[in-house]
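Close look at the chain arrangement
Chain by chain, the residues:
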Amino acid sequence: MAQGSIHKSKILVVDDEPSFTGMLEILLKVEGFVAIRAVNDAREAAGAFIGFEPNLVILDLNMPGMSGLEVMAQIRDLAGDRWIPIVVVSGENDGDTVTKALQSGAQDFIGKPFRRAEVVSRLRNLLKVKVLQDEVEQKNLFLQERVEAGTKELLESHKDLIRRLSRCSEYRDDDTGHHIQRVSRTSEVLSRGTGLSPEQMAVVREAAAMHDIGKVGIPDAILLKPAKLTPEEWEIMKTHTLIGAALLAGGNSPLLRLSEQVAMSHHERWDGKGYPAGLGGEEIPLAARIVSVCDVFDALTSRRPYKEPWPAERAKEELVAQGGKQFDMDLVTLFLERWADLVEIREFYPDAPRGTTWPGRSAY
Ligand SMILES: [Fe+2]
């Protein structure tokens, strides 16, 4: 450690005797200390501490207006978590006074009159510790910031990668990408009120965006066929659930695990007549039940090569009619409660104008 760094330390001297503070100031400057502030009124010590931000305080005990111990308590409060050494210098150097000062938080006690060499050595020692401690704190702070920045960057790149992956599914049959956006946003809104935490709701939003990722494995001749599918083609179309789940299987993050469930089960039905596993009721993961309602609502209100978009009110009637059959009735009820928000999302991400849409096919 360079001596210079000790000598740059700021020293606040609080003593009601101007002759003493003057003498100490000269002594410290001779020893190479350059930043010294003296206060002769104890009541001004707190203000000086705030303004000067010293690295060490030299404090008298007996002062008019306010005792040294009171000043020490004020300084401790103002310093908070920071460690600022306080050296008490007092003519009262009996055992009780020394003990009380040290117990009150002083790091050292120097009796008056003192020997110059002793004072300087003690101050140097304390300042060495202070400088070292500040350096360690700085390094810790730097490392903590690096770790936090690294973790944040990793999380962001993870999310970014997942969003890009979700676009694979929209790339082939959803030229605006708005179907994915709408199902993702409406699923998040619908998940409110289901008992999920805000973090889990955000995960549902991201997972919902990947519900149809398995469509990457469906041949163009089927996915983009602008006509009714044959029963064989329909069986192949249904495998997008299995393909999606297989693509996402084995993920080690909550998001990937939930996305796998959603990809696998978003075409299951509450009455057990869905696919691919024929799960029923609460056997179907909650996130998949949420996405199921939002996906169907979106398909009904969207234009397809084989149908015009349904008005929102007609889609609402269909959701209600399918409550307890295709959908979890509780989620249909929640959907109606949040109707205005959900329709607003629908309108915020419009379909492409007629005639410009990719001849894509919903799995409905
Ligand atoms: Fe699907």
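Remarks on the overall build of the protein chain
- The helix and strand inventory of the protein chain stands at 16 helices and five strands.
- When the backbone C-alpha atoms are referred to their principal axes, the protein chain occupies close to 105 × 40 × 35 Å.
- Roughly 18500 Å² of accessible area belongs to the protein chain as shown, and the carbon and sulfur atoms make up 55% of that amount.
- Across the protein chain, 45 positive and 55 negative side-chain charges occur, with their mean positions spaced 4 Å apart.

A short note on the domain arrangement of the protein chain
- By the assigned domains, the protein chain splits into domain 1 (3-143) and domain 2 (174-348).
- Distance from the C-alpha centre of domain 1 to the C-alpha centre of domain 2: 68 Å.

Examining the coordination of the iron ion
- Donor atoms from the polypeptide that coordinate the iron ion comprise Asp212 (OD), His240 (NE2), His266 (NE2) and His267 (NE2), at 2.1 to 2.3 Å from the metal.
- In this structure, the iron ion is surrounded by four donor atoms whose angles at the metal cover 84 to 173°, and the resulting shape is irregular.
- Donor residues for the iron ion, ordered by position in the chain, follow D-x27-H-x25-H-H. Of the two residues, His240 sits in helix H11 (residues 240-248) while His267 sits in the loop between helix H12 (254-265) and helix H13 (286-300), which places them 27 residues apart along the sequence. Of the two residues, His240 and His267, both sit in the buried class.

Focus: the packing of aromatic side chains
- For the structure on display, the rule yields four aromatic pairs.
- Taken together, the aromatic side chains of Phe297, Phe335 and Trp339 make up a single cluster linked through ring pairs.
- Lying over the aromatic face of Trp310, Arg314 brings its terminal NZ or CZ to 3.7 Å of the ring centre.
- In this structure, Lys316 packs its charged tip against the face of Trp339, placed 4.7 Å from the ring centre.

Side note on the environment of Val39
- As for its position among the elements, Val39 is in strand S2 (residues 35-39).
- Considered as a pair, Val39 and Met210 are 171 residues apart in the sequence and their alpha carbons are 67 Å apart.
- Setting aside residues no more than four positions away along its own chain, Val39 makes contact with Leu12, Val13, Val14, Asp15, Glu44, Ala45 and Ala48.

Section: H13
- When the terminal C-alpha atoms of H13 are compared, their 22 Å separation across 15 residues agrees well with the 21 Å that a helix rising 1.5 Å per residue should span.
- Counting buried positions over the 15 residues of H13 gives 14, a clear majority of the element.

Considering the nonpolar core
- Of all hydrophobic cores here, the largest spans 35 residues; its most connected members are Leu190, Leu248, Val293, Phe297, Leu319, Phe327 and Phe335.
- Listed by contribution, the elements that provide at least two residues to this core are helix H7 (178-191), helix H8 (198-208), H12, H13, helix H14 (312-322), helix H15 (329-337) and helix H16 (339-348).
- Beyond its immediate stretch of four places on either side in the chain, Val293 contacts Leu190, Leu319, Phe327, Leu331 and Phe335.
- Within the second largest apolar cluster, 24 residues are counted, among which are Ala42, Phe49, Met72 and Ile86.

Examining the pairing of strand S4 (residues 86-90)
- With five of its five residues buried, S4 lies for the most part within the structure.
- Judged by which residues are buried, S4 turns out to be covered on both faces: Ile86, Val88 and Ser90 on one side and Val87 and Val89 on the other are all buried.
- Direction of pairing for strand S3 (residues 56-59) relative to S4: parallel, over a ladder of three bridges. Bridge assignment links Leu59 to a residue of S4, and that residue is Val88.
- Crossover S3 to S4 through helix H4 (residues 68-79) is right-handed.
- Direction of pairing for S4 relative to strand S5 (residues 108-111): parallel, over a ladder of four bridges. Residue pairing across strands places Ser90 opposite Gly111, the latter belonging to S5.

Calculation criteria
Residues numbered from 1 in each chain as written. Predicted model: local features only at pLDDT ≥ 70, side-chain atom pairs only at ≥ 80, totals over all residues. Heavy atoms only, no water. Helix = DSSP H or I, 4+ residues; strand = E, 2+ residues; numbered from the N terminus. Areas by Shrake-Rupley, 256 points an atom, 1.4 Å probe, with all protein chains shown as cover. Lys, Arg positive; Asp, Glu negative; His and termini not counted. Charge placed at Lys NZ, Arg CZ, Asp CG, Glu CD. Domains from an automatic or database assignment. Donors = N, O, S within 2.8 Å, 3.2 Å for Na, K, Ca; no water. Tetrahedral: all angles 85-135°; square planar, octahedral: opposite > 155°, others 65-115°. Buried < 20%, exposed > 50% of the residue type's maximum accessible area, 1.4 Å probe, protein only. Phe/Tyr/Trp six-rings, centres within 6.5 Å; stacked < 30°, edge-to-face > 60°. Lys NZ or Arg CZ within 6 Å of the ring centre and 35° of its normal. Contact = heavy atoms within 4.5 Å. Expected span 1.5 Å × (residues − 1). Core = buried A, V, L, I, M, F, W, Y, C linked by side-chain atoms within 4.5 Å. Pairing = 2+ DSSP bridges. Right-handed = clockwise from strand over helix to strand, strands pointing away.

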